Amino acid sequence: MSRAAIRYAKAVLSLAQDKKATSAIQKDMQSIIATVEESAELKMVLNSPLIKSEVKLASLREIFKSTEEITQKLFETLVQNKRVDLLANVAKQYIVLFDQLNNTQVAKVTTAVPLDKALSEKVLAKVKELTGNEATIENVIDESIIGGFILRVGDLQYNASIANKLTNLKRELSN
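Since this is a predicted model, take the numbers as computed values, not measurements. (Residues numbered from 1 in each chain as written. Predicted model: local features only at pLDDT ≥ 70, side-chain atom pairs only at ≥ 80, totals over all residues. Heavy atoms only, no water.)

Describe the sheet that holds strand E2 (residues 134-141), with residues and values.
Spatial strand order, E2-E1-E3-E4: four strands in an open sheet with mixed pairing. Because the sheet does not close on itself, it has two edges, and the strands there are E2 and strand E4 (156-161). Neighbouring strand axes in the sheet, compared pairwise and without regard to direction, differ in orientation by 20° on average. The sheet strands contacting helix H8 (residues 162-174) are strand E3 (148-153) and E4, and the helix crosses E4 at an angle near 80°. (Pairing = 2+ DSSP bridges. Helix = DSSP H or I, 4+ residues; strand = E, 2+ residues; numbered from the N terminus. Axes fitted to C-alpha atoms, helices over the stretch in contact; angles between N-to-C directions. Contact = heavy atoms within 4.5 Å.)

Dropping the structure here:
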């Protein structure tokens, strides 16, 4: 993550705190991340040196017209400073800072199949027990783990995947 993206995210969070709009801005940032990741065209527009700044700003205003005023100001600032290519990184960093502010963490759960509601609740309870903090779940699907799960919260990792157990068993048998 670039230091510039962190600085912009801190500035947006500070402004959002002053205006008591941190949650609304967090929703905007989630929307920005999802939209940029889903749209190759938008990524190209944001990163292209050939497209004029005014066109980039107009595009962002049109795509995200229902966002808060603070988010709109972020678009203007990034375009003016020729750093609009950082938009998705600024949004991601804002969410990290927002979560720290609210003592929440992102629990990254890698599974072979999508998590159901009951399992998600168990994982959230386990994360709260381990860290003492609330968490949101990011489910990553990776069929190569065969079964079980890999839980990553901050710098903690718990690997309960079948692939990991098979690797450990293979290592034990070869010794």
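Read on for the rest.
Outline the nonpolar core, listing residues and values.
It is characteristic of soluble globular proteins that their nonpolar side chains tend to be buried jointly. Counting residues in hydrophobic clusters, the biggest one holds 33 residues, and the most contacted among them are Ile25, Met29, Ile32, Leu60, Leu87 and Tyr94. Elements with a minimum of two residues in this core: helix H1 (3-18), helix H2 (22-38), helix H3 (40-47), helix H4 (53-63), helix H5 (69-80) and helix H6 (87-101). Setting aside anything within four residues of it in sequence, one finds Ile25 in contact with Val12, Ala16, Glu68, Ile70, Thr71 and Tyr94. Counting residues in hydrophobic clusters, the runner-up holds eight residues, among them Ala107, Val123, Val127 and Leu151. (Core = buried A, V, L, I, M, F, W, Y, C linked by side-chain atoms within 4.5 Å. Buried < 20%, exposed > 50% of the residue type's maximum accessible area, 1.4 Å probe, protein only.)

Describe in detail the pairing of strand E1 (residues 104-111), supporting the description with residues and values.
In the sheet, E1 pairs with E2 via eight bridges, with the strands oriented parallel. Residue Thr111 lies in a different strand from E2, and its bridge partner there is Ile141. For the handedness criterion, the β-α-β arrangement of E1, helix H7 (residues 117-131) and E2 is classed as right-handed. Where E1 lies against E3, five bridges are found, and the strand directions are antiparallel. Pairing of Lys108 across the sheet is with Arg152, part of E3. (Right-handed = clockwise from strand over helix to strand, strands pointing away.)

How would you summarise the pattern of salt bridges if you had to cite specific residues and measurements?
Scanning the model with the defined rule gives six salt bridges in all. Close ionic contact of Glu129 with Lys126 constitutes a salt bridge, the shortest N to O distance being 3.3 Å. Residue Glu129 and its partner Lys126 are located together in helix H7, separated by three residues, close to a single helical turn. By relative accessible area, which is 59% here, Glu129 ends up exposed. Linking Lys128 and Glu134 is a salt bridge whose minimum nitrogen-to-oxygen distance equals 3.1 Å. Among the residues examined, Lys128 registers a relative accessible area of 39% and is labelled partly exposed. (Salt bridge = Lys/Arg side-chain N within 4 Å of Asp/Glu carboxyl O.)

Please set out the packing of H4 against H5 residue by residue, giving values where relevant.
Two measures define how a pair of helices packs: the angle their axes make with one another and the distance between the axes. One way to put it is that H4 packs onto H5 with a least axis distance of 10 Å and a crossing angle of 165°. As far as their axial angle goes, H5 and H4 are roughly antiparallel. For the pair H4 and H5, the sense of crossing is right-handed. Note on element contacts: H5 touches H4 through Gln72, Phe75, Glu76 and Val79, opposite Ser53, Leu57, Leu60 and Arg61. (Parallel < 35°, antiparallel > 145°, perpendicular 65-115°, else oblique. Left-handed = near helix turned anticlockwise from the far one by under 90°.)

Limitation: the analysis is restricted to geometry and does not speak to function.
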